[in-house]
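Remarks on the overall topology
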Amino acid sequence: MTLFAEIRETVLSAIDALVAEGTLPGGLETRAITVEPPRDAAHGDMATNAAMVLAKPAAAKPRDIAEVLATKLAADPRIEAADVAGPGFLNLRLSGDVWRGVIARVLHEGDAFGRSATGEGRRVNVEYVSANPTGPLHVGHTRGAVFGDALASLLDVAGYDVTREYYINDGGAQVDVLARSVYLRYLEAHGQEVAFEDGTYPGDYLIEVGQALKDKVGDQFVGKGEQFWLAEIREFATEKMMDLIRADLALLGVEMDVFYSEKSLYGTGRIEEALGDLRDKGLIYEGVLEPPKGKKPEDWEPREQTLFKSTEHGDDVDRPVMKSDGAWTYFAPDIAYHFDKVSRGFDELIDVFGADHGGYVKRMKAAVSALSDGRVPLDVKLTQLVKLRRGDEELKMSKRAGTFVTLADVVEMVGPDVTRFHMLTRKNDAPLDFDVDKVCEQSKDNPVWYVQYAHARIHSVLRKAAEAGITPDPENLNTVNDPAELALAAKIAEYPRLIEIAATAHEPHRVAFYLYDLASEFHALWNKGNAEPHLRFFQEDDPSATSGKLCLISAVAIVISNGLGILGVTPVDQM
RNA sequence: GCACCCAUAGCUCAGCUGGAUAGAGUGUCGCCCUCCGAAGGCGAAGGUCGUAGGUUCGAAUCCUACUGGGUGCGCCA
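Residues numbered from 1 in each chain as written. Chains lettered and ligands numbered in written order. Predicted model: local features only at pLDDT ≥ 70, side-chain atom pairs only at ≥ 80, totals over all residues. Heavy atoms only, no water.

1. Some remarks on the sheet that holds strand S4 (residues 89-94)
- The strand order across the open sheet formed by four strands is S1-S2-S4-S3, and the pairing between neighbours is antiparallel. Both edges of this open sheet fall to strand S1 (35-36) and strand S3 (79-85), since each of them pairs with a single strand only.
- Pairing geometry for strand S2 (residues 46-48) and S4, over three bridges, is antiparallel. Residue Met46 lies in a different strand from S4, and its bridge partner there is Leu92. (Pairing = 2+ DSSP bridges. Helix = DSSP H or I, 4+ residues; strand = E, 2+ residues; numbered from the N terminus.)

This is the structure:
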């Protein structure tokens, strides 16, 4: 339980006591009562809206309720002061012992500090990256990979049972294109001149795949028609591409639990089974769709297709699952795939897509809602574009020219830690500027560096103290009592609550912002030591005070390390 | 035409799911910098939270309608 939740319990039992005394009427709804850090620290350590929430049902003035509640709460040893403010807020100031207790707890729990039980062991599946197996990952995929991975870690820390999953789109036309492209490289490896027409992948990365194919099969496909080699090369090339992608992900430290093949859904009855489930629910029918208004395709003709009645589950129009020639649309295997996820017993599903899949969200939610009878929520997180630049120069992507910046390029330029952290310094649904020069800068406006610097600085002090034979010992915590020091401890106390909020909202970027705040406050306290020597962490003639202060900064380092762990960034001890 | 996302300080962005006087970095201006670890520190100015309504004790946050930007819209996945 977080400190905020503990104090909330205290508030609730104070209310119960007031009810028992007859000061407040019984049967009050207390769900809306919150205990939060106030926006302005000058207001105290925590604030509760209890009086305002209870005012109406209790038929009393908020400030009057706040007054009696304040008296009750002030009797608690942990609460030093309870003041009524504004329209009826109750501002609480906690005793120094509470904050010193937080520090001791962090030291005791170590890397378990911040772990939470909010997930209650619920099984959640996070699907991310899922790039087509037709080439190396590029910057866009990088953001999805980092976001999905951090979200998965965040949920794990919050007590969920997390599965990280990659859906391999190896069942559609694009892998045929891949196979044909590899065939061209294969012919090239045999010394032939080849031309890459539109509709093939001209990228250099296929050269070695063509060579590898030659090494494997010799010249048996040369001069043969597609029917002799397409299936085999498709298989061969897809595997090579997945090797490539796995290697790319490894550069970022991303490891999937499950790679799920789209192809495995075809010819195995899985698609038919999933659609059968929808059919049994009366959600599949033959029909003709209206053309989209405004932007009508040139060659629009009304066609009868097999449709999924997604409008019954919140979509705008029904969606085709089968083309007019009887082949499945891409939506059909996706339905089957999500049916499979539901069948595997997940309590929650999360899909991380690129922003260009925005139009796909409603139908996917509709499908999951229908397949699980509303039991399993699906959250789709869209990651917006990454604008990669070096200073004023924009590093452009062009598929036609074959010049696209790959994940490997980015990691090579700035390293995995900087890549990961920076990709998480923006909400997933906001576009991201990634300046490869700026993210490596060593200054305060570079959050990655600033957070790492705080961690390194702390370890530097710890090393220095250790040389003098001083270590952090909670026995000496009573020497930590300056308001500035306790304020830093209070910031640390926010961490577990932040994790719960970020996990519930599926927003890992909050962790990055918190770490920047925490690092700022640590650096500020450090600087304050310049003017006020008693705040310096290393006190020349006072080992016990030093030891107490070491506890405080050790706790900061632990929280930074834990937070960075969620983001997948390695904390450094020196720089 | 429709759907989804976005709009907050000159610039880049936070804002804890409805709370108090809306915050940070950068930029501008003014002081300070013989300081455990240098790559700075303190302070000031800077806002009708895109516009107009609505919901209520209370709105940047929820609802509606507009404006502007992005993404997408039946045999591409």
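2. Looking at the sheet that holds strand S8 (residues 284-288)
- Taken in spatial order, the three strands of this open sheet run S8-S9-S10, and their pairing is antiparallel. For this open sheet the edge positions go to S8 and strand S10 (319-322), each flanked by a neighbour on one side alone. Across this sheet, the average inter-strand angle for adjacent strands is 55 degrees, counted without regard to direction.
- With three bridges connecting them, strand S9 (residues 304-308) and S10 associate as antiparallel partners. Directly across from Leu307, in S10, lies its bridge partner Pro320. (Axes fitted to C-alpha atoms, helices over the stretch in contact; angles between N-to-C directions.)

3. Points about helix H15 (residues 483-493)
- For H15, a buried count of nine out of 11 residues is recorded, marking the element as mostly surrounded by other parts of the structure.
- Ala484, Glu485, Leu486, Leu488, Ala489, Ala490, Lys491, Ile492 and Ala493 are the residues of H15 that are buried.
- Close packing links the buried residues of H15 with helix H1 (3-21), helix H4 (96-109), helix H16 (495-505), helix H17 (509-531) and helix H18 (543-567).
- The backbone nitrogen of Ala484 has a side-chain oxygen 2.8 Å away, supplied by the residue at the start of H15, namely Asp482. (Buried < 20%, exposed > 50% of the residue type's maximum accessible area, 1.4 Å probe, protein only. Contact = heavy atoms within 4.5 Å. Polar contact = N/O pair within 3.5 Å; in protein donor to acceptor, adjacent residues only side chain to side chain.)

4. Some thoughts on unusual backbone geometry
- Here Ala59, not a glycine, exhibits a phi torsion of approximately 50 degrees, which is positive.
- Relative to the helices and strands, Ala59 resides in the loop between helix H2 (50-58) and helix H3 (62-74).
- Judged by relative accessible area, Ala59 falls into the exposed class, the value being 71%.
- In this model, His506 sits at a positive phi of 55 degrees, which is unusual for a non-glycine residue.
- Mapped onto the secondary structure, His506 falls in the loop between H16 and H17.

5. Examining the pattern of salt bridges
- A complete count under the given rule lists 34 salt bridges for this structure.
- Arg78 is the salt-bridge partner of Glu6, the closest N and O atoms lying 4.0 Å from each other. A residue pair is termed long-range when its members are at least 10 positions apart, and Glu6 in helix H1 and Arg78 in the loop between H3 and S3 qualify at 72 residues.
- For Glu6, a relative accessible area of 27% translates into the label partly exposed.
- Two residues, Asp433 and Arg389, come together in a salt bridge whose shortest N-O distance is 3.9 Å. In this pair, Asp433 is assigned in strand S15 (residues 432-435) and Arg389 in strand S13 (residues 386-390), connecting sequence segments 44 residues apart.
- Residue classification places Asp433 among the partly exposed positions, given a relative accessible area of 39%. (Salt bridge = Lys/Arg side-chain N within 4 Å of Asp/Glu carboxyl O.)

6. Here's the deal with the protein's contact with RNA strand B
- Lining the immediate surroundings of RNA strand B are 66 residues, of which Phe89, Lys323, Ser460, Ile501 and Asn530 lie closest.
- Here RNA strand B approaches the protein such that, of its atoms within 4 Å, sugar and phosphate make up 50%.
- A distance of 2.6 Å separates a base nitrogen of RNA strand B from a polar backbone atom of Glu301.
- The separation between a sugar or linking oxygen of RNA strand B and a polar main-chain atom of Ala355 is 3.0 Å.
- Every element with two or more residues in the surface near RNA strand B is listed here: H2, S4, helix H6 (173-189), helix H14 (447-467), H16 and H17. (Near = heavy atom within 4 Å.)

7. As for the packing of H6 against helix H7 (residues 207-217)
- The geometry of H6 relative to H7 is characterised by a closest axis approach of 7 Å and an angle of 70 degrees between their N-to-C directions. If you check the angle between H6 and H7, you find them roughly perpendicular. Two packed elements cross with a definite hand, and for H6 against H7 that hand is right-handed. Packed against H6, whose contacting residues are Val182, Arg185, Tyr186, Glu188 and Ala189, the element H7 presents Ile207, Val209, Gly210, Gln211, Leu213, Lys214 and Val217 at the interface.
- Of the residues belonging to the contact of H6 with H7, the class tally is seven nonpolar, two polar and three charged. (Parallel < 35°, antiparallel > 145°, perpendicular 65-115°, else oblique. Left-handed = near helix turned anticlockwise from the far one by under 90°. Nonpolar A, V, L, I, M, F, W, Y, C, P; charged D, E, K, R; others polar.)

8. Let's talk about helix H5 (residues 139-157)
- In this model, H5 (19 residues) spans 27 Å end to end at C-alpha, consistent with the 27 Å of a helix rising 1.5 Å per residue.
- A large share of H5 lies buried, amounting to 16 of its 19 residues.
- Immediately downstream of H5, the backbone of Gly159 shows phi near 95 degrees, a positive value. (Expected span 1.5 Å × (residues − 1).)

9. So, the nonpolar core
- Counting residues in each nonpolar core, the largest one holds 129 residues, and the members touching the most others are Trp99 and Ile492.
- If one sorts the elements of this core by residue count, H18 sits on top with 13 residues.
- Among residues more than four places away in sequence, those in contact with Trp99 are Leu3, Asp45, Leu94, Leu486, Ala489, Ala490 and Ala493.
- Membership of the second largest hydrophobic core comes to 32 residues, among which are Ala336, Phe353, Ala367 and Val380. (Core = buried A, V, L, I, M, F, W, Y, C linked by side-chain atoms within 4.5 Å.)

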